[in-house]
Amino acid sequence: MALALPGPAGAQALQPYAVTGDAILEPLTNARGDATRGRALVVERSSTCILCHSGPFPEQKFQGDLAPDLSGSGSRASEGQLRLRLVDASRLNAATIMPSYYRTDGLDRVGTPWRGKPILSAEQIEDIVAYLVTLRE
């Protein structure tokens, strides 16, 4: 099984999306996300969730402690709410330190490899959402 790990999502165009309240209700892709791929992305240490979050990842010795534990994410937030937090958490909290994983405009502290590119693709966002909604307490 091939797995696309996070890195600049490339020159692909961002899919349009609409924010409704505190959520992006519609998926960014036509296909449902894959929770198994999503979990692999969450625990990938190079640029995603586990750098700042902890969670139900017993095989991961070192987990982040800067942000909320991901355990129970699916009980605390809807798919749409999780999607917006991944796409652009700054819409909910302008002072957040969480990266905007699917945004390219208006960013001022962006590493060279990510300039003009989203960190995650639309498919990767949907895979992570598919995994996070399975985390119920």
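So, how was this worked out
- Position labels on residues start from 1 in each chain and follow its written sequence.
- In view of the model being predicted, local features appear only for residues whose pLDDT reaches at least 70, and side-chain atom pairs are presented and counted only at 80 or more, with totals across whole chains, interfaces and linings using the full set of residues.
- Hydrogens and waters are ignored; side-chain quantities use all the structure's heavy atoms.
- Put simply, a salt bridge is a Lys or Arg side-chain nitrogen that is within 4 Å of an Asp or Glu carboxyl oxygen.
- The helix count covers DSSP runs of H or I at least four residues long, the strand count covers runs of E at least two residues long, and both are numbered beginning at the N terminus.
- For each residue, the accessible area found with a 1.4 Å probe, counting protein chains only, is set against the maximum for its type, and the residue is called buried under 20%, exposed over 50%, and partly exposed in between.
- Here the nonpolar core consists of buried residues drawn from Ala, Val, Leu, Ile, Met, Phe, Trp, Tyr and Cys, with membership extended through side-chain atoms lying within 4.5 Å.
- Residue contacts are counted whenever heavy atoms from the two residues lie within 4.5 Å of one another.
- Every angle, taken between N-to-C directions, lies between 0 and 180 degrees, and every axis is a line fitted to C-alpha atoms, over only the stretch in contact when it is a helix.
- Here roughly perpendicular refers to angles of 65 to 115 degrees, roughly parallel to angles under 35, roughly antiparallel to angles over 145, and oblique to all remaining angles.
- The hand of a helix crossing depends on one turn: near helix anticlockwise from the far one by less than a right angle means left-handed, and clockwise means right-handed.
- Gly counts as polar in this scheme, as do all residues outside two lists: the nonpolar Ala, Val, Leu, Ile, Met, Phe, Trp, Tyr, Cys and Pro, and the charged Asp, Glu, Lys and Arg.

(A) Structural context of the pattern of salt bridges. Taken as a whole and assessed by the stated rule, the structure comprises eight salt bridges. A salt bridge links Glu-79 to Arg-32; the shortest N-O distance between them is 3.2 Å. Pair noted here: Glu-79 is in helix H3 (residues 79-88) and Arg-32 is in the segment before helix H1 (35-42), with a separation of 47 residues, a long-range link. You can call Glu-79 partly exposed: its relative accessible area is 28%. For Arg-103, the salt bridge is made with Asp-105, and the minimal N-O distance between the two is 3.7 Å. Taking relative accessible area as the criterion, Arg-103 reaches 15% and is therefore assigned buried. What you see here is one network of salt bridges that share partners, running through Arg-32, Glu-79, Arg-83 and Glu-126.

(B) View of the nonpolar core. Judged by nonpolar contacts, the single largest core of 26 residues is most densely connected at Val-42, Phe-57, Leu-70, Ile-125, Ile-128 and Leu-132. Looking at this core, the elements that each hand over two or more residues are H1, H3 and helix H4 (122-132). Tallying contributions element by element places H4 first for this core, with six residues. Apart from the residues within four sequence positions on either side, Ile-128 is in contact with Gly-38, Leu-41, Val-42, Leu-86 and Leu-120.

(C) Summary view of the packing of H3 against H4. Put simply, H3 and H4 touch, their axes get as near as 9 Å, and they point 135 degrees apart. As judged from the angle between their axes, H3 and H4 are oblique. Taken as a pair, H3 and H4 cross one another with a handedness that is right-handed. Taking contact as the criterion, the partners of Glu-79, Leu-82, Arg-83, Leu-86 and Val-87 in H3 are, on H4, Ile-125, Glu-126, Ile-128, Val-129 and Leu-132. In terms of residue class, the contact of H3 with H4 is made up of seven nonpolar, no polar and three charged.

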